Amino acid sequence: MSVSDAWQFEAPGTVRVEDEYVDFSGAAPGQLTGCVAGRYGTSAVTHARGKTVKQVAVFADPDTGEGLPPDELFLRLLVTEGGLDPLAMSAVDRGAELSAAVNESALALPLSSLADLPETGVVRVDDELIRFAGRSGSGLAVRERGAFGTTAAAHDVGSRAMPLQFSDELGRWMAGTLYRRTVERSTELKNLVNELRAQCLLHVWQGEDSLIHAKCVAPPFYADPPVELDDEKSFIAGSTSWEPGGDLRVTRVVVQYAPVGADPGERPEDYGALLAVVDAEAESAAMFGRPSGREVFAGWIYREREAALLASRYLIRYRSGAGIFRFALELKDDGLKVGDYLRVTSDALVGPDGAARPGALFEALKKERRGDNRLEFTAIDTRLDRRYPLIAPASLTADYDGAGGEERERYGFVGGSSNRVGAAGDDGYYVY
C-alpha cells in the first residue's frame, strides 16, 4: 500500500481506509508492506488516491470482526500491548495434570481431570501458555501453542495444566461473552483496561506475590470457601468499623451499548442501543421507596447479552449499597490475601434495620502491614449471601435430601413455591 509519511506507522499493525481495515507487517519508505486486506469483517475494495490512511487498534476477531472472550482481551491488553511478562499472570491449580507426555506441536492436551476447568481459555503448563477451545476427548483442544509470547515446548506426564486466573474466573462467570473495541485516538492503556474491567465486573490487581490477579464480582466458587472471621477469635479488639455505604445504592441501571464508531465517549449518540433494568422491589415503599440510577456507557459491549448481564449483576451487587468493613488481624493471619472472600460475624456489622448480620459475605480489597504484629484490612460487602449454584450434570440423579454435602454446595436443586428445598425446608438457590 503506497502511503505518504510511512514513518508514522508502527509495524506490525492495522490501518483503516474508508470502511476497510487492512493489516500490515512492515513499513518502508512510501509504503506499507505485507498487507492483508478486508480484515475484521470488512470487504477488500479499491480506494482512490488521496484517501486517508489511519492506524488503528482493533480488539476483535481479525477474520470476522466479532468480539473476543474477555480473558483473551485482558491478556492482549496487559501482555501484548502492555509488555507485561506473560508468566506474571496468576494461574490457579485445579488439580489437572498431563496424563501423557506431549511434544511442542501437539494440538490436544490429555489431562487427568477436566473438573472445574473453563470451557475455553488459556492454561499454563510449565513456562508455556496454551490457548484452548473446548474439550478433545479427555483433554483440551488446542488453538495456539506458545501463546502470548511464550515458547512452545515438550511437557512430561504429570505436568500441571493450570488455567490462568483470568480464564478461571471469566470462563466460569462470564462464559460465552464476547467484547470488542476499536481505538483510533491516542488512548492510555490503563483506561482501556479499566473500561473493560468495569464492563465485565472484574477486579484486577497485583498481589503480594507480584503476580497479576483477577476476580469476578460473583459468588464464591464452591472449591474456594470463604474464610470465617468473628469478634471472639479473629479481630484485634477495637479495630473494627462499619460504613453502610448507602450512598452507593443502585436500583436501576441504563446501559448504552453497541458503539456506532471508534472511540465512543459518554454521549448517548455514540451508541446504537440502550438497555434499562429496574429493581421494582428495591424501589417499592417496603424497601427504599425511591429510585437511584446509574448510567453506563459501554464501549466494549456490542450485544444485548453482555449488556443484560452487566445491568442485572450490577443491581444484584449494589441494590443495597456497598458497605465497607475495616478490621485488623494479628500477623499469624498473614495468609489472608486481597481478593479472598470472608464470612464476617461482628457486633459492628448491622443491616439497614439495625439487626445483626451474622456470616455476611465480604471480599478483602486492601491489606496493609502496621508495625510488627498488625495487619489492617478493608473489605467490601458483596451482598451475595444467597445460594448461587453451578448447573448439575445429567449424571447427577439424586434429589436434595439424597445428595451429599458437596453436591448441595456445588449444584442447584429445584425449590418449592417459596424457594425452599428438602424435607427440612432449607434456603433455596438463585441464578446469578
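Residues numbered from 1 in each chain as written. Predicted model: local features only at pLDDT ≥ 70, side-chain atom pairs only at ≥ 80, totals over all residues. Heavy atoms only, no water.

1. A few points about the overall build of the chain
Working step 1: Within the chain, the secondary structure is distributed over six helices and 25 strands.
Working step 2: For the chain, whose C-alpha radius of gyration is 25 Å, the value lies close to the compact-globule estimate of 22 Å for 432 residues.
Working step 3: In terms of its C-alpha atoms, the chain occupies a principal-axis envelope of roughly 75 × 55 × 55 Å.
Working step 4: Of all intrachain contacts in the chain linking residues separated by at least 6 positions in sequence, the fraction that spans at least 24 positions is 62%.
Working step 5: As presented, the chain carries roughly 21,100 Å² of accessible surface, and 48% of it is formed by carbon and sulfur atoms.
Working step 6: Separation between the mean location of the 47 positive side-chain charges and that of the 66 negative ones in the chain comes to 3 Å. (Helix = DSSP H or I, 4+ residues; strand = E, 2+ residues; numbered from the N terminus. Rg over C-alpha atoms; globule rule 2.2 N^0.38 Å. Contact = heavy atoms within 4.5 Å. Areas by Shrake-Rupley, 256 points an atom, 1.4 Å probe, with all protein chains shown as cover. Lys, Arg positive; Asp, Glu negative; His and termini not counted. Charge placed at Lys NZ, Arg CZ, Asp CG, Glu CD.)

2. Focus on the packing of aromatic side chains
Working step 1: Evaluated as defined, the whole model comprises 18 aromatic pairs.
Working step 2: Taking the centre distance of 5.9 Å and the plane angle of 40° together, the rings of Tyr271 and Phe297 count as tilted. With Tyr271 in strand E18 (residues 271-278) and Phe297 in strand E19 (residues 293-297), the pair connects residues that are 26 residues apart, well separated along the chain.
Working step 3: Residue classification places Phe297 among the buried positions, given a relative accessible area of 18%.
Working step 4: An aromatic cluster of at least three residues, connected via ring pairs, comprises Phe235, Trp242, Phe325, Phe327, Phe362 and Phe377.
Working step 5: The positively charged end of Arg317 is found above the aromatic ring belonging to Tyr318, 4.7 Å away from the centroid. (Phe/Tyr/Trp six-rings, centres within 6.5 Å; stacked < 30°, edge-to-face > 60°. Buried < 20%, exposed > 50% of the residue type's maximum accessible area, 1.4 Å probe, protein only. Lys NZ or Arg CZ within 6 Å of the ring centre and 35° of its normal.)

3. Some points on the sheet that holds strand E12 (residues 181-183)
Picture the strands of a sheet paired through backbone hydrogen bonds; they go either parallel or antiparallel.
Working step 1: Taken together, the five strands give an open sheet; going across it, the order is E5-E2-E1-E6-E12, and neighbouring strands pair in antiparallel fashion. Strand pairing shows two members of the sheet lacking a second neighbour, strand E5 (36-39) and E12, which therefore form its edges. Within the sheet, the average angular offset between the axes of one strand and its neighbour, ignoring direction, is 40°.
Working step 2: Examined bridge by bridge, strand E1 (residues 13-17) and strand E2 (residues 20-24) share five bridges and lie antiparallel to one another. Each bridged residue has a counterpart across the sheet, and for Thr14 the counterpart in E2 is Asp23. (Pairing = 2+ DSSP bridges. Axes fitted to C-alpha atoms, helices over the stretch in contact; angles between N-to-C directions.)

4. Quick look at the pattern of salt bridges
Working step 1: Enumeration according to the criterion identifies 44 salt bridges in this entry.
Working step 2: In this structure, Asp116 and Arg410 form a salt bridge, with 2.9 Å as the shortest nitrogen-oxygen distance. Pair noted here: Asp116 is in the loop between strand E7 (108-110) and strand E8 (120-125) and Arg410 is in helix H6 (residues 405-410), with a separation of 294 residues, a long-range link.
Working step 3: Several salt bridges converge on common partners, so that one network encompasses Arg94, Asp168, Glu169, Arg172 and Asp224. (Salt bridge = Lys/Arg side-chain N within 4 Å of Asp/Glu carboxyl O.)

5. Considering the packing of helix H1 (residues 70-81) against helix H2 (residues 165-173)
Working step 1: It is at 8 Å that the axes of H1 and H2 come closest, and there the two elements cross at 150°. Taken together, the axis directions place H1 and H2 in an arrangement best described as roughly antiparallel. Between H1 and H2 lies a crossing whose hand is right-handed. Counting all contacts with H1, which are made through Pro70, Asp71, Phe74, Leu75 and Leu78, the residues of H2 involved are Phe166, Ser167 and Leu170.
Working step 2: Partitioning the contact of H1 with H2 into residue classes produces six nonpolar, one polar and one charged. (Parallel < 35°, antiparallel > 145°, perpendicular 65-115°, else oblique. Left-handed = near helix turned anticlockwise from the far one by under 90°. Nonpolar A, V, L, I, M, F, W, Y, C, P; charged D, E, K, R; others polar.)

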